[in-house]
Amino acid sequence: MADKLEGMSSWQEKLAHLKSKGGFKAAAFWAVKKLFRMEVHFLYSIDLAQQQVLRPKPVRDTGERHAFHFIGLTTAQDLALYPHALIEQLDSQSGQGVARLISSDTGVYALIEGTSVVSQVNINRSAVVHVDSPTELDIRLAPGNVFLGYLFTYPQYRGMGTAASLIGKVSQDIQKRGYSRILTHIRSTNAASLNTFRKCGWFRVGWILTSTSGRLLLTRCPHKSGISITAARRL
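Going along each chain's sequence as written, the residues are numbered from 1 onward. For a predicted model such as this one, the threshold for reporting local features is a pLDDT of at least 70, and the threshold for listing and counting side-chain atom pairs is 80 or more; totals across whole chains, interfaces and linings nevertheless cover every residue. For the side-chain quantities, the full set of heavy atoms in the structure was used; hydrogens and water were omitted.

Caption draft 1: Region of the structure containing the overall build of the chain. Check the secondary structure of the chain and you find six helices and 11 strands. Contacts between residues were defined by any pair of non-hydrogen atoms, one from each residue, lying within 4.5 Å. Counted over contacts in the chain with a minimum sequence separation of 6, partners at least 24 positions apart contribute 70%. Per-residue accessibility takes into account occlusion by the displayed protein chains alone, with areas from the Shrake-Rupley method and a 1.4 Å probe. Summed over its atoms, the accessible surface of the chain is roughly 13700 Å², and 53% of this surface lies on carbon and sulfur atoms. Working definition: helices are DSSP H or I runs of at least four residues, strands are E runs of at least two. Numbering for both runs from the N terminus.

Put into C-alpha cells, the structure is as follows:
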C-alpha cells in the first residue's frame, strides 16, 4: 500500500511539473533525450553593464517567520567568520568544497537561516571555466564575465522564491565588483530553473548539444559574445 501511495505521489508531482510554466516544452526535450539520446543545455546570461539588475523580490510568505541572511565567501579569511558546521553544509553542495573553490578564484554565496543553508551558488571568476555537466567542457569567457554554477536550494525552502532572491543579490554584488556579465547553463528539461532565471532578468544566448554518452556534438553562442565552448582535454 505504501509503495502504491508513493507511486501516486510521484505521478502527481510529474503532472504538476507538466502543468507548470514551460512544463510541456521541458517534456518535449525529455522525449528528445530518450528517443535520440541527445541532450540540450541552454546558455543564459545577464548583462550587468547594459541593463539594471532586477532587485530581488521578498521571499514568499509561507505563514512562518523566516529571517534569511545573505553571505559571500570569496577569501580564505571569510571562512573564519562562520561556524564550521555551516561551512561543512556549504561544502556538501558546492562541488569541490568552499576552501578549494576560493583558492581557484571561485566564490560561494548563500542565503542562510540561523546556522542553516537555505540556498547557495558558486561564482567562478576564471577566464576558462571547467564544467562536468552535461559533459566535461571548457567554457572560455570574455573579459569582465563570470560563470554561475551549482545553484542549489534545500527542499524545505523551495517554492518560496529563495533561489530568485539569491540570484538577484549575487548579481548586485558581482556588479559592484566591476564585472559586466554573468553566464550560466541550464538543462532544457529543468523548467523550474529556467523560469527562475527569466524572472531575474536573464536571457538565453546559446545552447549546448551533447549525446547522453557524454560526447559534445554542437554548440551555439554569438561570436560577438567572446564565449567559446570546447570539449575538455582529458589527461
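The discussion continues.
Caption draft 2: Structural detail: the nonpolar core. To qualify as a nonpolar core, a set must consist of buried Ala, Val, Leu, Ile, Met, Phe, Trp, Tyr and Cys residues joined through side-chain atoms within 4.5 Å. Buried, partly exposed and exposed residues are distinguished by accessible area as a fraction of the type maximum, computed with a 1.4 Å probe on protein chains only: under 20%, between the cut-offs, and over 50%, respectively. Of all hydrophobic cores here, the largest spans 39 residues; its most connected members are Leu 90, Ile 123, Ile 174, Ile 182 and Trp 202. Considering every element that reaches this core, the biggest residue donor is strand S3 (residues 106-113), with five residues. Not counting residues up to four positions away in its chain, the partners in contact with Ile 182 are Tyr 44, Ser 45, Ile 46, Leu 48, Ile 123, Val 146, Leu 148, Ser 171, Ile 174 and Trp 202. If you look at the next biggest cluster of nonpolar residues, it comprises 12 residues, including Val 131, Leu 141, Phe 147 and Leu 183.

Caption draft 3: Here's a closer look at the side chain of Ser 225. Relative to the helices and strands, Ser 225 resides in the loop between strand S10 (216-220) and strand S11 (228-231). Residue class for Ser 225 comes out buried when judged on its relative accessible area of 10%. N or O atoms closer than or at 3.5 Å make up a polar contact, with two conditions inside protein: a donor-capable atom paired with an acceptor-capable one, and, for residues adjacent in sequence, both atoms drawn from side chains. A polar atom in the side chain of Ser 225 sits 3.3 Å from the backbone nitrogen of Ile 227. Ser 225 has contacts with Ala 142 and Arg 181, leaving out every residue within four places of it along the chain.

Caption draft 4: Focus on the packing of aromatic side chains. Working definition: a ring pair exists when centres of Phe, Tyr or Trp rings (six-membered ring for Trp) sit within 6.5 Å. Plane angles under 30 degrees give stacked, over 60 give edge-to-face, the rest tilted. Overall, the coordinates contain five aromatic pairs when judged by the stated rule. The interplanar angle of 15° and the centroid separation of 5.9 Å between the aromatic rings of Phe 70 and Tyr 109 together place this pair among those described as stacked. Taken together, the positions of Phe 70 in strand S2 (residues 68-73) and Tyr 109 in strand S3 put the pair 39 residues apart, joining distant regions of the chain. Seen from their ring centres, Phe 197 and Trp 202 are 4.8 Å apart, and the 80° between their planes marks the pair as edge-to-face.

Caption draft 5: Representation of the pattern of salt bridges. In the sections that follow, a salt bridge refers to a side-chain nitrogen of Lys or Arg positioned within 4 Å of a carboxyl oxygen of Asp or Glu. Per the counting criterion, the structure on display carries four salt bridges. The residue Lys 33 makes a salt bridge to Glu 39 at a minimum N-O spacing of 3.6 Å. Here Asp 173 and Arg 177 are joined by a salt bridge, their closest N and O atoms 2.7 Å apart. On the accessibility criterion, Asp 173 (19% relative accessible area) is buried.

Caption draft 6: Spotlight on the sheet that holds strand S1 (residues 38-47). Spatially, eight strands are ordered S2-S3-S4-S7-S8-S1-S9-S10 in an open sheet, and the strand pairing comes out mixed. This sheet does not close on itself; its edge strands, each paired only once, are S2 and S10. The sheet shows a mean angle of 25° between the axes of neighbouring strands, direction not considered. Sheet topology places strand S9 (residues 203-211) next to S10; four bridges connect them, and they run antiparallel. Bridge pairing in S10 links Thr 210 to Leu 216. Note on geometry: axes are C-alpha line fits, over the in-contact stretch for helices, and angles between N-to-C directions span 0 to 180 degrees. Of the strands in this sheet, S1 and strand S8 (181-187) touch helix H2 (residues 23-36), which is tilted by about 145° from S1. Strand contacts of helix H5 (residues 162-176): S1, S2, S3, strand S4 (116-124), strand S7 (145-153) and S8, with the helix running at about 135° to S3, the strand carrying the most contacts. Paired strands, as defined in this entry, are two strands with at least two bridges between them according to DSSP.

Caption draft 7: Region of the structure containing the confidence of the model for the chain. Think of pLDDT as the predictor's per-residue confidence, scored from 0 to 100. Confidence in the prediction of the chain, expressed as mean pLDDT, is 87, and 84% of residues score 70 or more. With pLDDT under 50 throughout, residues 1-16 is counted as low confidence; its partners more than four residues away or in other chains account for zero contacts.

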